[in-house]
Amino acid sequence: MDLTPKRAAESATEMVQVVLPNDANPLGFILGGTVMHLIDIAAAIACHRHTRSLLVTAAVDDLQFLHSIKVGDLIILKSRVTCVFTTSLEVRVDVYSEETLTGIRQQTSRAFLTFVAIDRDGTKLPVTPLLVETDEERRECEAAHLRRAERLRRKVQV
């Protein structure tokens, strides 16, 4: 297994699709569960690009729906790895809506997900380190460590 550090940009992923009626609630807005599903996929792709291993979703932190996305709009998901731990890594997913006729785009959600690298038997694997190069990347990784500490604290309470 190659554990040569990688840049966050190497994991960057963008997914775009049109919101169709079968994705929507009776009011004509995309279902929250559909957005969550797409977030998980975008996050997994970014993590696969970083680790080149099998992965499982371990946690989703602080997912909020800031604006609705209507049928006919585009949903755009941008993801990239923000921090790497020993056998897990965090990825950030930003979700946007874009009106197809006007091009007006607004952020609708942001989520941080944690994935664990595993082999085919389910054994945890070490994760390729992340090259943290900019001040913004350092701040994001520091915030990821705080989220992880809080997540682990809550896990002990359960």
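Scroll up to find the structure.
Residues numbered from 1 in each chain as written. Predicted model: local features only at pLDDT ≥ 70, side-chain atom pairs only at ≥ 80, totals over all residues. Heavy atoms only, no water.

### Section: the sheet that holds strand β4 (residues 74–84)
As summarised here, the arrangement of the five strands in space is β2-β4-β5-β6-β3, forming an open sheet in which the pairing is antiparallel. Among the strands making up the open sheet, the edge pair consists of β2 (13–18) and β3 (54–61). For this sheet, the mean inter-axis angle between neighbouring strands, taken without regard to orientation, is 30 degrees. As judged from the 10 bridges shared by β4 and strand β5 (residues 88–98), these two strands associate in the antiparallel manner. Of the residues in β5, the one forming a bridge with Ile 76 is Tyr 96. (Pairing = 2+ DSSP bridges. Helix = DSSP H or I, 4+ residues; strand = E, 2+ residues; numbered from the N terminus. Axes fitted to C-alpha atoms, helices over the stretch in contact; angles between N-to-C directions.)

### Thoughts on the pairing of strand β6 (residues 105–118)
Of all 14 residues in β6, 10 are buried; the element is thus mostly enclosed. Bridge count between β3 and β6: seven bridges; the pairing is antiparallel. The partner of Leu 55 across the bridge, within β6, is Ala 117. Inspection of the sheet shows β5 paired to β6 by 11 bridges, in the antiparallel sense. Residue pairing for β6: Leu 89 is matched across the bridge by Phe 115. (Buried < 20%, exposed > 50% of the residue type's maximum accessible area, 1.4 Å probe, protein only.)

### Looking at helix α1 (residues 32–51)
Over its 20 residues, α1 extends 28 Å from the first C-alpha to the last, a length consistent with the 28 Å expected when each residue adds 1.5 Å. For α1, the complete set of buried residues consists of Thr 34, Val 35, Leu 38, Ile 39, Ala 42, Ala 43, Ala 44, Ala 46, Cys 47, His 50 and Thr 51. Just beyond α1, the residue with positive phi is Arg 52, at close to 50 degrees. (Expected span 1.5 Å × (residues − 1).)

### What about the state of the cysteines?
Two cysteines joined by a covalent bond between their sulfur atoms form a disulfide. On inspection of all chains with the given rule, the structure shows one disulfide. Cysteine Cys 47 remains unbridged, with the sulfur of Cys 83 as its closest cysteine sulfur at 12 Å. A relative accessible area of 0% means that Cys 47 is categorised as buried. (Disulfide = S-S within 2.5 Å.)

### Comments concerning the packing of aromatic side chains
Summed over all chains, the structure comprises zero aromatic pairs. Positioned over the ring face of Phe 112 is Arg 147, at 3.6 Å from the centre of the ring. The residue whose ring lies beneath Arg 148 is Phe 85, and the NZ or CZ to ring-centre distance is 4.7 Å. (Phe/Tyr/Trp six-rings, centres within 6.5 Å; stacked < 30°, edge-to-face > 60°. Lys NZ or Arg CZ within 6 Å of the ring centre and 35° of its normal.)

### Focus on the environment of Phe 29
Take Phe 29: it is sitting in the loop between β2 and α1. Residue Phe 29 is classed as partly exposed on the basis of its relative accessible area of 29%. Sequence-distant contacts of Phe 29, that is, excluding residues within four places in its chain, are made with Asp 23, Ala 24, Ser 68, Ile 69 and Lys 70. (Contact = heavy atoms within 4.5 Å.)

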